[in-house]
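# An overview of the molecular structure
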Amino acid sequence: MKENVILVGASGRVGCMVAPAMHVVLQGRAQGDPTDAQHLNWDPLSGARALRDWIQRYGSVKTMLVLAGVTPGEGRDLSLNTAIADACLQAAKEAGIARVLLASTSAVYGLGDGQPFAETAPCNPVNDYGRAKLVMEQACDAWRSNTLEICCLRIGNVAGADALLLNIARSQAGAPVTIDTFEDARGPLRSYIGPASLASVLETLAHHPAALPPCLNIAAPEAIAMEALADAAEHPWTPRAGANEAFQKILLDCRLLCTLHSFTPSDSRPAVMITQWKSTLSK
């Protein structure tokens, strides 16, 4: 029998999308959230007691998966990403949880030169979110030990939690969305993953028998064009020419991930990502 995996941030945007496809204990901290064999009412910033009590009652936890965090937005304190990570790592240490998977972002890399970023690439984030997540990653170094393994997940675009599909979801029926285009009349090329594919990857990593690397790129193996995603969604779009060429190709090298998780060709297909996204809208 697999040991328990606790998903911290189950009520967040990505957490809500992946949780239904995973075998995890759902963490919540709202008033009225239950605590039972499948749920943990726990605020990581309040200390580890509720987590330790749950483990004593329901059994050991192999992995803590932390998708909780602060995303970009006016007035949001992005430094809380490090505070949340520190609190979860402290709790994992106290509770005897050996592995923590901590959501970071591909934005830690910055723009680059159009070549896919490997995990060994220099990090030069160009926005506040990327900088805040890089600080969070760096804070993990002090927590790593023989008894606490930490893998920072540098997640690319998750279909349905990305700007394009969020704009499509919010647009009025038939109203086109705008996609920036470049000198070749093509749109941005990005590393994407569908929510069901992401859930499968997270399950693999949570239960992987050997040690994981300190950081890991998370996306489907093949990059996709954003206009192809809009076309797969059967939603009209309008090109906006003249975009900065530096923004056309921001890609992840996922060869290391592919040694740990078995993808299928369909995981990289825009139509499959759209199907996975739409299936989350009804849950």
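Note that the structure is predicted; figures quoted are calculated from it, not measured. (Residues numbered from 1 in each chain as written. Predicted model: local features only at pLDDT ≥ 70, side-chain atom pairs only at ≥ 80, totals over all residues. Heavy atoms only, no water.)

So, on to the pairing of strand β11 (residues 215-218). Of the two faces of β11, both are covered, the one formed by Cys215 and Asn217 as well as the one formed by Leu216 and Ile218. Across 4 bridges, strand β6 (residues 149-155) lies against β11 in parallel orientation. Considered in β11, the bridge of Arg154 is made with Asn217. (Buried < 20%, exposed > 50% of the residue type's maximum accessible area, 1.4 Å probe, protein only. Helix = DSSP H or I, 4+ residues; strand = E, 2+ residues; numbered from the N terminus. Pairing = 2+ DSSP bridges.)

The next point concerns the nonpolar core. The biggest cluster of nonpolar side chains holds 36 residues, and the ones touching the most others in it are Leu65, Leu101, Leu153, Leu205, Ile218 and Leu257. For this core, the secondary-structure elements that each account for two or more residues are β1 (4-8), β5 (99-103), β6, α6 (195-206) and β11. Here the element with the most residues in this core is α6; it accounts for 6 residues. In this structure Leu205 touches Arg99, Leu101, Leu153, Leu212, Leu216, Ile218, Leu257 and Leu260, once residues within four positions along its chain are discounted. Counting residues in hydrophobic clusters, the runner-up holds 33 residues, among them Val25, Ala48, Ala92 and Cys152. (Core = buried A, V, L, I, M, F, W, Y, C linked by side-chain atoms within 4.5 Å. Contact = heavy atoms within 4.5 Å.)

A few words on unusual backbone geometry. Positive phi outside glycine occurs at Ala185, with the angle close to 70 degrees. Within the secondary structure, Ala185 is located in the loop between β8 (177-180) and β9 (189-190). The phi angle at Glu234 is positive, at roughly 55 degrees, despite the residue not being glycine. Looking at the secondary structure, you find Glu234 in the loop between α7 (226-232) and β13 (237-240). What makes Glu234 exposed here is its relative accessible area of 73%.

So, about the side chain of Asn217. You can see Asn217 is positioned in strand β11. Of note is the side chain of Asn217, whose polar atom sits 2.8 Å from the backbone oxygen of Phe117. Within the local environment of Asn217, its side chain forms a polar contact with the backbone oxygen of Asp253, the two atoms lying 3.0 Å apart. The contact partners of Asn217, leaving out residues within four places of it in the chain, are Tyr109, Phe117, Ala118, Glu119, Arg154, Leu252, Asp253, Cys254 and Leu257. (Polar contact = N/O pair within 3.5 Å; in protein donor to acceptor, adjacent residues only side chain to side chain.)

Attention now moves to the sheet that holds strand β12 (residues 224-225). Across the sheet, 3 strands lie side by side as β12-β9-β14; this open sheet has mixed pairing. Each edge of the open sheet carries a strand with a single partner, namely β12 and β14 (249-250). Both β9 and β14 contribute to a ladder of 2 bridges, which runs parallel. Bridging from a neighbouring strand, Leu189 pairs with Lys249 of β14.

Turning to the sheet that holds strand β4 (residues 61-66), a few remarks are in order. The 7 strands are arranged β3-β2-β1-β4-β5-β6-β11 in an open sheet whose pairing can be described as parallel. The sheet terminates laterally at β3 (39-41) and β11, the two strands that pair on one side only. Across this sheet, the average inter-strand angle for adjacent strands is 20 degrees, counted without regard to direction. Bridge count between strand β2 (residues 25-28) and β3: 3 bridges; the pairing is parallel. Paired with Gln27 across the two strands is Leu40, which belongs to β3. (Axes fitted to C-alpha atoms, helices over the stretch in contact; angles between N-to-C directions.)

We now examine the packing of aromatic side chains. Applying the stated criterion to the full structure yields 2 aromatic pairs. Ring centres of Trp54 and Tyr58 lie 5.2 Å apart, and the angle between their planes is 40 degrees; this geometry places the pair in the tilted category. Taken together, the residues Trp54 and Tyr58, both in helix α2 (residues 49-58) and 4 residues apart, mark about one turn of the helix. Given a relative accessible area of 2%, Trp54 falls into the buried group. (Phe/Tyr/Trp six-rings, centres within 6.5 Å; stacked < 30°, edge-to-face > 60°.)

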